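If you want the building blocks of each chain, they are given just below.
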Amino acid sequence: MIIGVPKEIKNNENRVGLTPAGVKEIIMRGHQVYVQQSAGLNSGFPDEAYLSAGANLLPTIEEVYAVAEMIVKVKEPIASEYPLIRENQLLFTYFHFASDENLTKAMIASKAVCLAYETVEKPDGSLPLLIPMSEVAGRMATQEGTRFLEKPQGGKGILLGGVPGVKPAKVLVLGGGIVGFNAAKMAAGLGAEVIIADISLPRLRWLNENLPANVKTLYSSSHNIEGELHDTDLVIGAVLIPGAKAPYVLTKEMIPLLKKGSVLVDVAIDQGGCFETSHATTHANPVYEINGVIHYCVANIPGAVPHTSTLALTNATLPYVITLANEGWEKACEMDHGLRLGLNIVKGKIVYQAVAEAFGWA
Ligand SMILES: NC(=O)c1ccc[n+]([C@@H]2O[C@H](COP(=O)([O-])OP(=O)(O)OC[C@H]3O[C@@H](n4cnc5c(N)ncnc54)[C@H](O)[C@@H]3O)[C@@H](O)[C@H]2O)c1
């Protein structure tokens, strides 16, 4: 199969779909890989590394889309890429269709095959291609939230861990999945007082057993969340309903309950956000203020640490890329039910129920 790796062109997105090591594995199995020039540069992988792995380099994104049977990338295509996508071309990347109607319509019109990283499943229902980025985003959420609590950044001027004789900051993590667990773990490691809320009791039990003693678990309800806000310094939003738009766990009426200089980090912004006052921001301009409360809503948080993120992502995607290249998407999806769940749009038709439901098209 001919595989294409375009350079990511979304604002401040520095990751790349395949590493030189991944390219080598694919070529060893008899496939061809075309990489756009400088695609890996910002992740720390220069063109020469791809050349020595056996890739062909192409100067423009147009040439990569024109030659490839399968495109392997990181973020959803942006508007300037829509016209480059061809009928029957296989696109293997993050799409997050439920939060982007224009993208959904463009991909339907393209008649391409859209296999979305975020809905591929393992037999136990876990999401193997979301997990590595969620691990990065969860850890970063605490790092960035901590930064914006500093006074020069507009925050309350609170040190997360406090010092002897001075209380630490209070961190409320909403959603105790992969992002929430990693955010809570980092915050706890820095010495904060942490509360983590979820609606799943089995998950709360697991979190209770696996997080340190300075993390308390809480059942997630509006009543319980409201009760915590008056003395919370940092709120991290990390809820997910797979494939659907995130529910609002923090409404606009709740914002005044937080003190000025508090920080909200909405990691779920890539699914539309789980705070009612959230709108997507970028690494170039990551925050805005409402009622004196700082909102950090970067939709591609792992893009800020592209070296770590690219390695973590490609560790997880490579086995699927190899199967898709060896077998073709139809046979690969027949062989692996979890991979088939990644199919969101196939040749002009939405095949993933939650995406159709998100736009009332079901
Ligand atoms: N912004 C970014 O760069 C970035 C990066 C990675 C992941 N994400 C997003 O972060 C979100 C979380 O991802 P994840 O991998 O942790 O998902 P996950 O499925 O592991 O966890 C989601 C958790 O939310 C819980 N939940 C659902 N409804 C809830 C509610 N009302 N209150 C509290 N908890 C609730 C679920 O029970 C589950 O434990 C997703 O939207 C994901 O797309 C964003």
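Just so we're clear, the structure is a prediction, and the values are computed from it rather than from any experiment. (Residues numbered from 1 in each chain as written. Predicted model: local features only at pLDDT ≥ 70, side-chain atom pairs only at ≥ 80, totals over all residues. Heavy atoms only, no water.)

Colleague: Would you explain the overall build of the protein chain in this entry?
Modeller: For the protein chain, the count of helices and strands is twelve helices and 15 strands. The C-alpha extent of the protein chain, read off along each of the three principal axes, is 65 × 45 × 35 Å. Relative to its full complement of 362 residues, the protein chain shows a buried share of 54%. As displayed, the protein chain has an accessible area near 14,900 Å², and 54% of this comes from carbon and sulfur atoms. The distance from the centre of the 29 positive side-chain charges to the centre of the 36 negative ones in the protein chain is 3 Å. (Helix = DSSP H or I, 4+ residues; strand = E, 2+ residues; numbered from the N terminus. Buried < 20%, exposed > 50% of the residue type's maximum accessible area, 1.4 Å probe, protein only. Areas by Shrake-Rupley, 256 points an atom, 1.4 Å probe, with all protein chains shown as cover. Lys, Arg positive; Asp, Glu negative; His and termini not counted. Charge placed at Lys NZ, Arg CZ, Asp CG, Glu CD.)

Colleague: Got a minute to help me understand the site of the ligand in this structure?
Modeller: Within the structure, the ligand sits among 25 residues, and Ser-134, Val-179, Asp-198, Ser-220 and Ile-301 are positioned closest to it. One of the side-chain N or O atoms of Ser-134 is found 2.7 Å from an oxygen atom in the ligand. Taking Ala-299, its main chain carries an N or O atom lying 3.2 Å from an oxygen atom of the ligand. Contributions of two or more residues to the shell around the ligand are made by helix 5 (131-148), helix 6 (178-189) and strand 8 (193-198). With three residues, the top contributor of residues to the shell around the ligand is helix 5. (Near = heavy atom within 4 Å. Polar contact = N/O pair within 3.5 Å; in protein donor to acceptor, adjacent residues only side chain to side chain.)

Colleague: Please explain the domain arrangement of the protein chain as it appears in this structure.
Modeller: Many descriptions give the size of an interface as the accessible area lost when the pieces come together. The domain boundaries assigned to the protein chain delineate domain 1 (2-120 + 305-358) and domain 2 (131-304). With centres defined by C-alpha atoms, the gap from domain 1 to domain 2 works out at 30 Å. Across the boundary between the two partners, domain 1 contributes 20 residues, which contact 20 residues of domain 2. Roughly 1,500 Å² is buried in total at the junction of domain 1 and domain 2, and carbon and sulfur atoms are behind 56% of that figure. Three residues stand out in domain 1 for area buried against domain 2, namely Asn-12, His-96 and Val-305, and they jointly supply 30% of the buried area on that side. Counting across the interface, domain 1 meets domain 2 through zero salt bridges. On inspection of domain 1 and its partner domain 2, the count reaches seven residue pairs in polar contact (both at pLDDT 80 or more). Counting only elements with at least two residues in the side of domain 1 that touches domain 2, the list comes to helix 9 (306-327) and helix 12 (353-358). In terms of residues, the side of domain 1 that touches domain 2 owes the most to one element, helix 9, which gives five residues. Grouping the amino acids of the side of domain 1 that touches domain 2 by side-chain chemistry returns ten nonpolar, seven polar and three charged. (Domains from an automatic or database assignment. Contact = heavy atoms within 4.5 Å. Buried area = accessible area lost by both parts, 1.4 Å probe. Salt bridge = Lys/Arg side-chain N within 4 Å of Asp/Glu carboxyl O. Nonpolar A, V, L, I, M, F, W, Y, C, P; charged D, E, K, R; others polar.)

Colleague: Explain helix 6 to me, please; I cannot follow it from the model alone.
Modeller: In an α-helix there are 3.6 residues to a turn, and that puts residues three or four apart on one side. Taking 1.5 Å of rise per residue, the twelve residues of helix 6 would be expected to cover 16 Å, and the 16 Å separating its terminal C-alpha atoms lies within 8% of that figure. Restricting attention to buried positions, one finds in helix 6 the residues Val-179, Gly-180, Phe-181, Asn-182, Ala-183, Ala-184, Ala-187 and Ala-188. The secondary structure elements touched by the buried residues of helix 6 are helix 5, strand 7 (170-174), strand 8, helix 7 (201-210), strand 9 (215-219) and strand 10 (234-237). In the segment just after helix 6, Gly-191 is the residue with positive phi, at about 95°. (Expected span 1.5 Å × (residues − 1).)

Colleague: What is the right way to read the sheet that holds strand 13 (residues 293-296) from this model?
Modeller: Remark on secondary structure: sheet strands pair via backbone hydrogen bonds, oriented parallel or antiparallel. Strand order in the open sheet made by the seven strands is 9-8-7-10-11-13-12, with mixed pairing throughout. Of all the strands in the sheet, just strand 9 and strand 12 (287-290) have a single pairing partner and so form its edges. Mean inter-strand twist for the sheet, computed between neighbouring axes without regard to direction, equals 20°. Here strand 7 runs beside strand 8; their pairing, made up of five bridges, is parallel. The residue of strand 8 that forms the bridge with Lys-170 is Glu-193. Packing of helix 6 onto the sheet brings it into contact with strand 7, strand 8, strand 9 and strand 10, and relative to strand 8 it is tilted by some 170°. (Pairing = 2+ DSSP bridges. Axes fitted to C-alpha atoms, helices over the stretch in contact; angles between N-to-C directions.)

Colleague: Would you mind going over the packing of helix 5 against helix 6 with me for this structure?
Modeller: Helix-helix packing is characterised by the crossing angle of the two axes and by the distance between the axes. For the pair helix 5 and helix 6, the least separation of the axes is 7 Å and the interaxial angle reads 35°. Note that helix 5 runs across helix 6; the crossing there is right-handed. On helix 6, the residues that touch Ile-131, Ser-134, Glu-135, Gly-138, Arg-139 and Thr-142 of helix 5 are Ile-178, Val-179, Asn-182, Ala-183, Lys-185, Met-186 and Ala-187. Looking at the contact of helix 5 with helix 6, its residues break down into six nonpolar, four polar and three charged. (Left-handed = near helix turned anticlockwise from the far one by under 90°.)

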